[in-house]
Amino acid sequence: MVIRSFLAFELPEEIKGIISRISEEMRRFPLDVKWIRPDNIHLTVLFMGNILTDDLREMGDRINGICMRYAPFCFSLNGAGVFSNRRNPRILWVGVDGDIERMSYFRDALQKHLGPFGVKREKRRFNPHLTLGRFRKGGAPTFHLDELLSRYQHLTTRVCVLKELVLFKSDLRPGGAVYTNVDTWPLMGKH
């Protein structure tokens, strides 16, 4: 059997509350965005795509080995923005600050050890963020987007800690994706 999956960090309760409030406020702007349910927002480390359930045990052993080397990550929220740009927005996100460089090495180690299972190596620089919504195709940007981004450009929160990596299964449904926690690994190292 094959499952669509990704590795991510669950957000601490304090951050979930802030994201939920911000998402609710942003939805009031007249933008052509398909909003992500706040309880579906995670800090994704690695999208793995389709993996065989038969490989889960060995993959889990490798993921655990990496998590045993890395200490928990500090992070905070930092501003809002869009990918690709304001003239052609595709993704609306809230930025992340903190142990980003160390988290990038963590992502690279995961990719290296999971490559033999068909997990494709991400060539882009690691750019952690929380996706709040996706712009619908053909949705033209408006001055409302500029207003929204300027309102949240200075968003910051206190520093929180990410202590556990989660393997999520993603089931695509007409009402949106449904994420199921398949396994978790605590970060136990000193690196």
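Please refer to the structure placed before this passage.
How each quantity is defined
- Residue numbers restart at each chain and count upward from 1, following the sequence in its written direction.
- Whole-chain, interface and lining totals are the exception, using all residues; otherwise, since this is a predicted model, local features are given only for residues with pLDDT of at least 70 and side-chain atom pairs are given and counted only at 80 or more.
- Note that the side-chain values use all heavy atoms of the structure and ignore hydrogens as well as water.
- In this scheme, strands are said to pair when DSSP sees at least two bridges between them.
- In this text, helices come from DSSP runs of H or I with a minimum length of four residues, and strands from runs of E with a minimum of two, each type numbered from the N-terminal end.
- Axes here mean lines fitted to C-alpha atoms, for a helix over just the part in contact, with angles spanning 0 to 180 degrees between N-to-C directions.
- Throughout, a contact is declared for two residues whenever any of their heavy atoms are within 4.5 Å.
- Here, expected helix span is obtained from the residue count minus one, scaled by 1.5 Å.
- In this scheme, a residue with accessible area under 20% of its type's maximum is buried, one over 50% is exposed, and one in between is partly exposed, where area comes from a 1.4 Å probe on protein chains only.
- Taken from the helix axis, the directions to the C-beta atoms give the arc we talk about.
- For cavity detection a 1 Å grid was placed over the protein atoms alone, and a set of points counts as a cavity when a 1.4 Å probe fits there but cannot get out; an open set counts as a pocket when protein lies on both sides within 12 Å along at least five of seven lines, with lining residues being those that have an atom within 4 Å of a point.
- Grid points are joined across faces, edges and corners, and a volume is the space filled by probe spheres set on the points.
- In protein, a polar contact requires one atom able to donate a hydrogen and another able to accept it; more generally it is a pair of N or O atoms within 3.5 Å, and residues adjacent in sequence count only if both atoms are side-chain atoms.
- In what follows, roughly perpendicular refers to angles from 65 to 115 degrees, roughly parallel to angles under 35, roughly antiparallel to angles over 145, and oblique to any angle outside these ranges.
- A crossing counts as left-handed when the near helix is turned anticlockwise from the far one by less than a right angle, and as right-handed when that turn is clockwise.
- Think of it as three bins: nonpolar holds Ala, Val, Leu, Ile, Met, Phe, Trp, Tyr, Cys and Pro, charged holds Asp, Glu, Lys and Arg, and polar takes everything else, Gly as well.
- Only centres within 6.5 Å qualify two rings of Phe, Tyr or Trp (six-membered ring in Trp) as a pair; their planes then separate them into stacked at under 30 degrees, edge-to-face at over 60, and tilted for everything else.

Visitor: Give me the sheet that holds strand β5 (residues 89-98): which residues, what numbers.
Guide: On the basis of which strands lie adjacent, the open sheet formed by 5 strands has the order β2-β6-β5-β4-β7 and antiparallel pairing. The strands lining the two open edges of the sheet, one partner per strand, are β2 (33-35) and β7 (160-162). Averaged over all neighbouring strand pairs, the angle between strand axes comes to 45°, with direction disregarded. In terms of strand pairing, strand β4 (residues 73-84) meets β7 through 3 bridges, oriented antiparallel. Across the sheet, residue Phe 75 finds its bridge partner in β7, namely Cys 160. Against the sheet, helix α4 (residues 143-152) contacts β4, β5 and β6 (129-135), and its axis sits at roughly 160° relative to β4.

Visitor: Give me the lowdown on helix α2 (residues 56-67), citing residues and values where you can.
Guide: For an α-helix, 3.6 residues make a turn, and residues three or four places apart therefore share a direction. With 12 residues, α2 extends 16 Å between its outermost C-alpha atoms, agreeing within 8% with the 16 Å of an ideal straight helix rising 1.5 Å per residue. Those residues of α2 not exposed but buried are Met 59, Gly 60, Ile 63, Ile 66 and Cys 67. Buried residues in α2, looked at end-on, bunch into an arc of 120°, giving them a common side. Exposed and oriented more than 90 degrees from the buried face of α2 are Arg 57 and Asp 61.

Visitor: Just give me the short version of the layout of surface pockets, but keep the residues and values in it.
Guide: A volume near 1,400 Å³ is recorded for the largest pocket. What lines the largest pocket is a set of 40 residues, among which Thr 44, Phe 47, His 129, Thr 131 and Arg 134 lie closest to the centre. Of all the elements in the fold, those that place two or more residues in the lining of the largest pocket are β1 (2-9), β2, β3 (43-52), β5, β6, β8 (164-173) and β9 (176-186). Tallying contributions element by element places β3 first for the lining of the largest pocket, with 7 residues.

Visitor: Which residues make up the side chain of Thr 131, and what values go with them?
Guide: For Thr 131, the location among the structural elements is in strand β6. The buried category is assigned to Thr 131, whose relative accessible area is 18%. At a separation of 3.4 Å, a polar atom in the side chain of Thr 131 contacts the side chain of His 129. Residues contacting Thr 131, with those up to four places away along its chain left out, are Ile 36, Ile 41, Ile 91, Leu 92 and Trp 93.

Visitor: Tell me what's going on with the environment of Cys 160, and back it up with residues and numbers.
Guide: Here Cys 160 lies in strand β7. Once the C-alpha coordinates of Cys 160 and Met 103 are considered, the two residues, 57 residues apart in sequence, prove to be 14 Å apart. Residue contacts for Cys 160: discarding those within four places in its chain leaves Pro 12, Glu 14, Ile 15, Phe 73, Cys 74 and Phe 75.

Visitor: Explain the packing of α2 against helix α3 (residues 100-114) to me, using residue names and the numbers behind them.
Guide: When two helices pack together, their arrangement is given by the angle between the helix axes and by the axis-to-axis distance. Where α2 meets α3, the axes come as close as 10 Å, and the angle between the chain directions of the two elements is 150°. Comparing the axis directions of α2 and α3 gives the class roughly antiparallel. By crossing handedness, the relation of α2 to α3 is classed as right-handed. The segment α2 lies against α3, with Met 59, Arg 62, Ile 63, Ile 66 and Cys 67 engaging Phe 106, Ala 109, Leu 110, His 113 and Leu 114. Of the residues in the contact of α2 with α3, the class split is 8 nonpolar, 1 polar and 1 charged.

Visitor: Please provide a residue-by-residue account of the side chain of Arg 107, values included.
Guide: Along the polypeptide, Arg 107 turns up in helix α3. Taking the relative accessible area as the measure of exposure, Arg 107 reaches 5% and is therefore buried. Residues in contact with Arg 107, not counting those within four places in the same chain, are Val 45, Leu 46, Glu 122, Arg 124, Arg 125 and Phe 126.

Visitor: Hey, could you go over the packing of aromatic side chains for me, with residue numbers and the actual values?
Guide: For the coordinates displayed, the defined rule picks out 9 aromatic pairs. Three or more aromatic residues joined by ring pairs form one cluster here, namely Phe 9, Tyr 70, Phe 73 and Phe 106.

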